[in-house]
Amino acid sequence: MKKKIIIIGAGISGMTAGIYALDNGYDVTIYEKHNIPGGQCTGWYRKGVFIDGCAHWIVGTNPTSDLYPLWRHIGAFDLNSTIYDTEYFCKYDIDGEIVTFYADDEKLKEELIRVAPEDKKQIKRFINGIRAYKHIKVPVKKPLDLMNLFELIGYGCSMIPVALHFAMYKHITVEDYLLKFKSPIIREVFHRFFGSNYNIHSMAYVMQALAKKDAGVVEGGSIKVAKNVAKTFIEKGGVILYNQNVDHILIENNTAKGIVLDNGDVIHSDYVIASTDANHTMKQLLQDKYADEYYETRFNNREDYPLSTGLLLSYKVDKILYNQPKMISFKTNPINYEGMIIDELKIRNHSFDASLNKIKGTSTITILINTPDFLYDNLSKLSKDEYNKKKEILGEQIRQEVIKYFNLDSNIISLVDVATPLTYERYTNAYRGSYMSFITTDKSKGLMRKGLIKGLDNFVMAGQWIMPPGGLPIALFTGKHAIIRVCKMDNKNFLDLDYIYSNEALKKNLREPS
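A quick note: this is a predicted structure, and the numbers were derived from the prediction, not measured.

Asker: Before we move on, can you summarise the packing of helix α4 (residues 120–133) against helix α9 (residues 200–211) with the specific residues and values?
Answerer: Contact pair α4 / α9: the axes reach a minimum separation of 8 Å and the direction vectors enclose 70°. The pairing of α4 with α9 is recorded here as roughly perpendicular in orientation. Pair α4 / α9 crosses with right-handed handedness. Contact with α4, carried on its side by Phe-126, Ile-130 and Tyr-133, involves His-201, Met-203, Ala-204, Tyr-205, Met-207, Gln-208 and Ala-211 of α9 and no other residues of that element. Tallied by class, the residues present in the contact of α4 with α9 amount to 8 nonpolar, 2 polar and no charged.

Asker: Now, about empty space enclosed by the protein: what can you tell me, with residues and values included?
Answerer: Scanning the model with the defined rule gives 7 cavities of 30 Å³ or more in all. The computed volume of the largest cavity comes to approximately 80 Å³. In this structure, the largest cavity is lined by Val-317, Leu-321, Gln-324, Pro-325, Ile-328, Ile-347, Asn-349, Ile-365, Val-402, Phe-406 and Leu-408. Of all the secondary structure elements, the ones that give two or more residues to the lining of the largest cavity are β17 (340–349) and α14 (384–406). Residues of the lining of the largest cavity, tallied by class, amount to 9 nonpolar, 2 polar and no charged.

Asker: So what's going on with the nonpolar core? Which residues, and what values?
Answerer: A general feature of soluble globular proteins is that nonpolar side chains tend to end up buried together. In terms of nonpolar packing, the biggest core is built from 102 residues, with Trp-71, Phe-89, Phe-101, Phe-126 and Ile-273 touching the most fellow members. Among the elements that take part in this core, helix α16 (residues 472–489) stands out by supplying 9 residues, more than any other. Among residues more than four places away in sequence, those in contact with Trp-71 are Ile-12, Ile-58, Val-59, Gly-60, Ala-76, Phe-77, Leu-472, Pro-473 and Leu-476. Ranked by size, the runner-up nonpolar core spans 31 residues in total, among them Ile-347, Ile-365, Ile-369 and Tyr-376.

Asker: Can you break down the pairing of strand β15 (residues 310–317) residue by residue, with the values?
Answerer: Across a regular strand the side chains alternate sides, sitting on one face of the sheet and then on the other. The element β15 is largely enclosed, with a buried count of 8 among its 8 residues. Neither face of β15 is left uncovered, since the one carrying Gly-310, Leu-312, Ser-314 and Lys-316 and the one carrying Leu-311, Leu-313, Tyr-315 and Val-317 both have all their residues buried. The pairing of β15 with strand β18 (residues 363–370) spans 8 bridges and is classified as antiparallel. By the bridge assignment for β18, Leu-311 is matched with Ile-369. By the bridge criterion, 6 bridges tie β15 to strand β19 (residues 413–419) in an arrangement that is antiparallel. By the bridge assignment, Leu-312 is partnered in β19 with Ala-419.

Asker: Any details on the sheet that holds strand β10 (residues 239–241)? Residues and values, ideally.
Answerer: If you trace the 5 strands from one edge of the open sheet to the other, you get β10-β2-β1-β14-β20, paired in parallel fashion. On the outer flanks of this sheet lie β10 and β20 (459–461), each paired with one strand and no other. Pairs of neighbouring strands in the sheet enclose a mean axial angle of 20°, with direction left out of account. Two strands pair when backbone bridges link them, and strand β1 (residues 4–8) and strand β2 (residues 27–31) are joined in this way by 5 bridges, in the parallel orientation. Note on β2: the bridge partner recorded for Ile-6 is Thr-29. Each of β1, β2, β10 and β14 (271–274) is contacted by helix α1 (residues 12–23), which is oriented at about 170° to β2, the strand it contacts most.

Asker: Just give me the short version of the packing of helix α8 (residues 184–194) against α9, but keep the residues and values in it.
Answerer: Contact geometry for α8 and α9: axes closest at 10 Å, N-to-C directions at 85°. Overall, the two elements α8 and α9 adopt an arrangement that is roughly perpendicular. Contact with α8, carried on its side by Phe-190, Phe-193 and Phe-194, involves Ser-202, Met-203, Val-206 and Met-207 of α9 and no other residues of that element. When the residues that make up the contact of α8 with α9 are grouped by side-chain class, the tally is 6 nonpolar, 1 polar and no charged.

Asker: Which residues make up the pattern of salt bridges, and what are the values?
Answerer: According to the stated counting rule, one finds 29 salt bridges in the structure shown. As a salt-bridge pair, Lys-3 and Asp-490 come within 2.6 Å of each other at their nearest N and O atoms. Residue Lys-3 is found in the segment before β1, and its partner Asp-490 is found in the loop between α16 and α17 (499–502); the two are separated by 487 residues along the sequence. In this structure, Arg-432 engages Asp-373 in a salt bridge whose closest nitrogen and oxygen atoms are separated by 3.2 Å. With Arg-432 in the loop between α15 (421–428) and β20 and Asp-373 in the loop between β18 and α13 (374–380), this pair connects stretches of sequence that are 59 residues apart. You can call Arg-432 buried: its relative accessible area is 9%. A relative accessible area of 30% places Asp-373 in the partly exposed class. Within the structure, one salt-bridge network assembled from shared partners comprises Asp-105, Glu-106, Lys-109, Arg-131 and Lys-134.

Asker: Account for unusual backbone geometry, naming residues and giving values.
Answerer: Cis peptide bonds are those with omega within 30 degrees of zero, and the linkage from Pro-468 to Pro-469 qualifies with 0°. The phi angle at Asn-491 is positive, at roughly 55°, despite the residue not being glycine. By the secondary structure assignment, Asn-491 is in the loop between α16 and α17. The exposure class of Asn-491 is exposed, given its relative accessible area of 73%.

Asker: Account for the pairing of strand β9 (residues 215–218), with residues named and values stated.
Answerer: Side chains Ala-215 and Val-217 project from β9 onto one buried face, and the interleaved Gly-216 and Val-218 project onto a second face that is buried too. Sheet topology note: the strand β5 (residues 58–59)/β9 ladder contains 2 bridges and is antiparallel. Note that in β9 the partner of Ile-58 across the bridge is Gly-216.

About the thresholds
Residues numbered from 1 in each chain as written. Predicted model: local features only at pLDDT ≥ 70, side-chain atom pairs only at ≥ 80, totals over all residues. Heavy atoms only, no water. Axes fitted to C-alpha atoms, helices over the stretch in contact; angles between N-to-C directions. Helix = DSSP H or I, 4+ residues; strand = E, 2+ residues; numbered from the N terminus. Parallel < 35°, antiparallel > 145°, perpendicular 65-115°, else oblique. Left-handed = near helix turned anticlockwise from the far one by under 90°. Contact = heavy atoms within 4.5 Å. Nonpolar A, V, L, I, M, F, W, Y, C, P; charged D, E, K, R; others polar. 1 Å grid on protein atoms, 1.4 Å probe; cavity = no way out; pocket = protein on both sides within 12 Å on 5 of 7 lines; lining within 4 Å. Points joined across faces, edges and corners; volume = space filled by probe spheres on them. Core = buried A, V, L, I, M, F, W, Y, C linked by side-chain atoms within 4.5 Å. Buried < 20%, exposed > 50% of the residue type's maximum accessible area, 1.4 Å probe, protein only. Pairing = 2+ DSSP bridges. Salt bridge = Lys/Arg side-chain N within 4 Å of Asp/Glu carboxyl O.

Here's what the structure looks like:
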């Protein structure tokens, strides 16, 4: 009789764990509180308009990438999928000067030298850092602690070309790094790229993926990816039960024995995997019974370990915006929203993917605004009517700024939706509405968690909280790693079928966005 695994959460990590578990002969059921799969890899319709609530791109779409076989294995995309290449990270309007942060490192070097020839030497150093980071490796095949000596040596040797830059970059904030440049234009661009909280390591990691053309956008958006993965899981024999809120994990003699739903139903299993927010897992699912110094330190010190929270505003435009940039950042008149000052907007134009527009002749633009920690508290204090009213006011204020910048007719652009940290918390149990894990700062310590809780057997955690700063790639391989650990607990060899997709013809239908 097959042993049973219960997975809490049908996000990317949960469904990935489920697929690898099925490959290894387990009976798998996923319990999901929402009515759709994907977790934070999601999108939704409002007023007939599709809003992509997640990926600007997916790292691992290049067939030569270490992550590519995993994405293919779980069915996120196939050889017939259209994947749009990412030509640039963003265009920045600096007092009328448009600076394009190209994905291609040579183009980026030329562009930055064009606007700041006085910083030529430092720009070349920055580009060399990106090129060194192309050698960075994430242990996707198996967790570091389960590698044998030869595997560890091989992994270490593969990281030698990037070791020096990694050691330097992880302790330098973007804010400190930009001081190396003389040009106020370059300083402003770097400041807007991520903001002052992140370390320069995060910036280099993003840019190396773009430079390798390993960060594409799957046609149909984030929800298409999530539904593709759910389809693979179900076709392999897995079961997803939606609208099922897990109250806590059933524990007997410090061993996970199943789950208890919020309606009191008890479901037994041999193993439990929590593919949920780490704070929700520790405080709610494990009922705060197991101490974990790593998470407690970070949850209680949000100054050194800030969270990724934001406002996502979406607008419908009654015209096709093919002639506008895919992503552009510009300054605005200051807007005060519950104590935070908004003076810059980064517009994402979704016109490149025509499959997303159900309403003919329209375009969707979204604006993600990073938010300070206190905004969550301020919004939580509002009544429902106040909360909704203030969202409408903010939406209108930003609409006016977009109209002014793009010189649009006021009648053709309308507010569709405003999502806040409270939205992400409500739908995904995300801690304080964080859509990723802890931001990697110059004070960040530790790289990767095992996903195991000391003193608790037959239980594993998976998801983006296992390794900062989170995101879909980490959700992906920690889902796989969770099953490697379960197999180890079960004293069985892990069957890894990724090789099937490593050896397939390296042909992808990549096309540049219009």
